Amino acid sequence: MTPSVNVVAIDGPAGAGKSTIARELARVLNLPYLDTGAMYRGITCAVLRKGVNPIDDAAVSQLALATQLEISEDGLLVDGVDATVDIRGEAVTRAVSSVAANSEVRRDLRERQRSWVALRGGGVVEGRDIATVVFPDARLKVFLTASPLVRAQRRVAQIGGDVEQIALDIAERDHKDSTRSDSPLRESENAILVDTSDRSIEDVVKQIVEVFHG
Ligand code: DC
């Protein structure tokens, strides 16, 4: 049995509903939940704390390898210091795409993600490259999407701000995430595509659970 057999891979752009749906799915399927975006954000938090330039690839990857991340249901510790709030802040959000484009960082986090899941015997894992790169043999692959307007409105509901500005920020981050050379955001060939724009969380989770048990 491969470690990925009990993995549900959830990929998609920002604001597609990944976290909400992945959390609920994990609860219903009784599987651990891993937010890999929080790991990239955690490394970015360490980068900013140490005053390292996010686009200095060598310095960022060296720091990433030395940074301890402890992920739990309650939040994230970066080198033992709570970063649960900081990783959702503006500074981290602005810098994270550069850190996530760093191949050494990706290689390191990929290994940590695989170990995390192997240790627990499976999980609902959300990110951008989970079905395509991290767990290509996942039991179920889901690509979540939503219209740009809905995605911006959801972000505003979470963190406040102006819908038009947030829509521009999201578009910029999407562009960076989808065009980077290392594991860009891309729909996996055998993923089910789910547009969450006009659907309730319950409805989407129900559909995915049915396919999982299918
Ligand atoms: O899902 P999120 O917004 O918390 O992700 C933060 C950033 O990390 C985003 O720019 C995409 C990147 N990311 C990635 O490149 N690969 C992943 N598996 C998860 C997130």
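Reading the values: rules and limits
Residues numbered from 1 in each chain as written. Predicted model: local features only at pLDDT ≥ 70, side-chain atom pairs only at ≥ 80, totals over all residues. Heavy atoms only, no water. Pairing = 2+ DSSP bridges. Helix = DSSP H or I, 4+ residues; strand = E, 2+ residues; numbered from the N terminus. Buried < 20%, exposed > 50% of the residue type's maximum accessible area, 1.4 Å probe, protein only. Arc of directions from axis to C-beta. Contact = heavy atoms within 4.5 Å. Phe/Tyr/Trp six-rings, centres within 6.5 Å; stacked < 30°, edge-to-face > 60°. Lys NZ or Arg CZ within 6 Å of the ring centre and 35° of its normal.

**Q** Pulling in residues and values, what's your account of the sheet that holds strand E4 (residues 75–78)?
**A** Pairing in this open sheet of three strands is antiparallel, and the strands run E3-E4-E5 from one edge to the other. Two strands in the sheet have a free side with no partner beyond their single neighbour: strand E3 (69–72) and strand E5 (81–82). Bridge count between E4 and E5: two bridges; the pairing is antiparallel. Each bridged residue has a counterpart across the sheet, and for Val78 the counterpart in E5 is Val81.

**Q** If you had to explain helix H3 (residues 57–66) to someone new, which residues and values would you point to?
**A** Residues of H3 that are buried: Val60, Ser61, Leu63 and Ala64. Across the axial projection of H3, the buried residues extend over an arc of 165 degrees, all falling on one side. Away from the buried face of H3 by more than 90 degrees, exposed residues Ala58, Gln62, Leu65 and Ala66 are located. Along its buried surface, H3 packs onto helix H2 (36–49), helix H4 (90–100) and helix H5 (103–120).

**Q** Describe the packing of aromatic side chains, listing the residues and the values that go with them.
**A** Following the criterion strictly, the structure yields zero aromatic pairs and no others. The positively charged end of Arg120 is found above the aromatic ring belonging to Trp116, 3.9 Å away from the centroid. Taking the ring centre of Phe212 as reference, the NZ or CZ of Arg139 above it sits at 3.8 Å.

Function cannot be read off these values alone, since they describe shape.
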